[in-house]
Amino acid sequence: MASRPNILFVLVDQLGARWLPTYGHKIVSTPQLESFAAKSTVFERAITTAPLCTPYRSCLLSGTYPAQTGVLHNGQAYPADVPSLADYLNAGGYATHYVGKWHLSGAPQENRWVPPEKRAGFQHFIGWESHHVDHHAGLIWRDDPNESIKMPGHETDALTDIALHQLTQAASGSEPFFMLLSYQAPHPPCSPPRDFLDIYSEQDLLSEANADVSAWFDMPHWDADYDAATFRQLYFGEISHLDAGFGRLLSGLDELDLHENTLVVFTSDHGEMAGAHGLFGKGLMYEESLRVPLIVRAPGQTRGRRTTQLAATVDLMPTLLNYAGLEAKDAEGISLKAQIESGAADDDRIVISECQNFCAATRSWKLVTDGRTLRPAALYNISADPYELDNRLDSPPAAEIQGALQAELSNWHKRVVALPQQNRLH
């Protein structure tokens with residue numbers, strides 16, 4: 001393997017690990033992703049540091065927590081004074097490319113052009129700000145604010161075509177490249193092609209122990225009004241369609257002879273409740289929202305492995321920079337390179353997630369707070385109770401782990417959240 005590999009980072013929107021066969025789902029069909037996982041390293045438990053679109057993206061690019069950048073809500077812009085992943089890679093001699101949904105240039109949150117000064121340092125950018133409600137009517141921009149490009153057909157197919165074209169151009173350059181491909185799928189409202197929708201027309205899609213068959217998805221501004229079974233049929237169809245696009249992307253990499261020197265990462269910003277506990281959407285600390293897929297194929301890797309290493313979003317920037325031979329000054333996470341290449345694991349690790357409340361998680365346990373306070377609201381043993389039906393808060397047998405999680409969360413809060421604003425990143 002060369003010392004400076006290319007990096008292809010595939011970010012999908014609102015795909016929980018719960019809904020993939022790689023993580024045990026019995027119904028959803030993703031043959032391309034399963035084939036990829038069989039030759040990659042699968043992180044069995046990866047936690048989003050921020051289960052919401054914009055805060056996640058800021059976390060990914062900064063390597064720090066939302067409380068540190070101040071990006072806590074959708075529709076905020078990436079801070080101009082915080083060095084980004086692209087900035088570090090640019091300085092290290094990489095050509096940096098971004099394709100797809102951005103959601104980091106501030107208001108208004110709509111399908112629009114992203115000006116160059118709002119692109120967090122990416123050299124080559126083709127994308128849009130946010131909110132393609134109709135996946136068959138998406139617009140995308142390069143550098144002219146007055147020249148939108150109508151993406152033909154379903155935007156997942158169009159984005160795959162654009163990414164393949166950009167990969168071909170990037171591969172012809174003399175410097176290594178980093179490409180972040182940001183699909184909007186399977187973010188609701190979902191409108192998969194009929195062939196992928198029909199896969200799920202005759203199946204029981206609500207068999208999990210925490211599924212609420214009476215849950216109703218009602219989003220008037222998206223013209224969406226249907227029951228949980230219909231939601232899942234649409235959502236699962238979108239996942240399977242996305243899988244086909246990912247397969248085409250991997251085939252394109254092979255045709256460009258990039259396998260031996262390209263790190264490929266597949267992950268998501270957060271999950272989707274999809275009717276679990278009677279809920280839809282994200283921003284919650286339930287597993288369906290919090291746990292994301294993280295599947296990584298190292299350059300030249302041909303054999304699959306699984307690791308129990310607990311991973312988080314803040315780990316991604318240091319991991320990518322480690323592969324590039326670089327280092328970030330203020331990154332909060334750890335590099336996962338050793339785990340990717342050996343499957344090793346630190347099974348005692350605790351990671352933190354923040355959104356409308358806080359969460360401290362281990363491989364097997366999770367403590368969730370009451371809002372953005374340190375008051376504990378729920379404690380779950382994920383290993384014994386994967387559907388989170390038994391709140392173990394203040395249970396005497398769980399006192400030791402509850403105390404450890406509370407202590408870790410308190411220390412994190414003092415350092416990250418309670419620190420005076422002038423002493424943070426900016």
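Residues numbered from 1 in each chain as written. Predicted model: local features only at pLDDT ≥ 70, side-chain atom pairs only at ≥ 80, totals over all residues. Heavy atoms only, no water.

**What about the overall build of the protein chain?**
Of regular secondary structure, the protein chain possesses eleven helices and 19 strands. Computed over the C-alpha atoms, the radius of gyration of the protein chain is 20 Å, within 12% of the 22 Å expected from 2.2 N^0.38 for a compact globule of 426 residues. Along the three orthogonal principal directions, the C-alpha set of the protein chain runs to about 60 × 50 × 45 Å. In the protein chain, the proportion of contacts linking residues at least 24 apart, taken out of those at least 6 apart, comes to 70%. Considering the protein chain, the positive charge centre built from 32 side chains and the negative charge centre built from 52 side chains are found 5 Å apart. (Helix = DSSP H or I, 4+ residues; strand = E, 2+ residues; numbered from the N terminus. Rg over C-alpha atoms; globule rule 2.2 N^0.38 Å. Contact = heavy atoms within 4.5 Å. Lys, Arg positive; Asp, Glu negative; His and termini not counted. Charge placed at Lys NZ, Arg CZ, Asp CG, Glu CD.)

**A few points about helix 5 (residues 155-171)**
When the terminal C-alpha atoms of helix 5 are compared, their 24 Å separation across 17 residues agrees well with the 24 Å that a helix rising 1.5 Å per residue should span. For helix 5, every residue scored as buried is listed here: Glu155, Thr156, Ala158, Leu159, Thr160, Ile162, Ala163, Leu164, Gln166, Leu167 and Ala170. Contacts from the buried residues of helix 5 go to strand 1 (6-12), strand 4 (95-101), strand 5 (124-128), strand 6 (139-140), strand 8 (177-182) and helix 7 (228-255). (Expected span 1.5 Å × (residues − 1). Buried < 20%, exposed > 50% of the residue type's maximum accessible area, 1.4 Å probe, protein only.)

**A word on the packing of aromatic side chains**
A complete count under the given rule lists 18 aromatic pairs for this structure. Where tyrosine 98 meets tryptophan 102, the ring centres are 4.7 Å apart and the plane angle is 90°; that geometry is what we call edge-to-face. The exposure class assigned to tryptophan 102 is buried, which follows from its relative accessible area of 0%. A network of ring pairs unites the aromatic residues Trp19, Tyr200, Phe217, Tyr226, Phe231, Tyr235, Phe236 and Phe280 as a single cluster. One residue, arginine 306, lies across the ring of tyrosine 23, its end atom 6.0 Å from the ring centre. Here the guanidinium or amino end of lysine 337 rests over the ring plane of tyrosine 323, the centre of that ring lying 4.9 Å away. (Phe/Tyr/Trp six-rings, centres within 6.5 Å; stacked < 30°, edge-to-face > 60°. Lys NZ or Arg CZ within 6 Å of the ring centre and 35° of its normal.)

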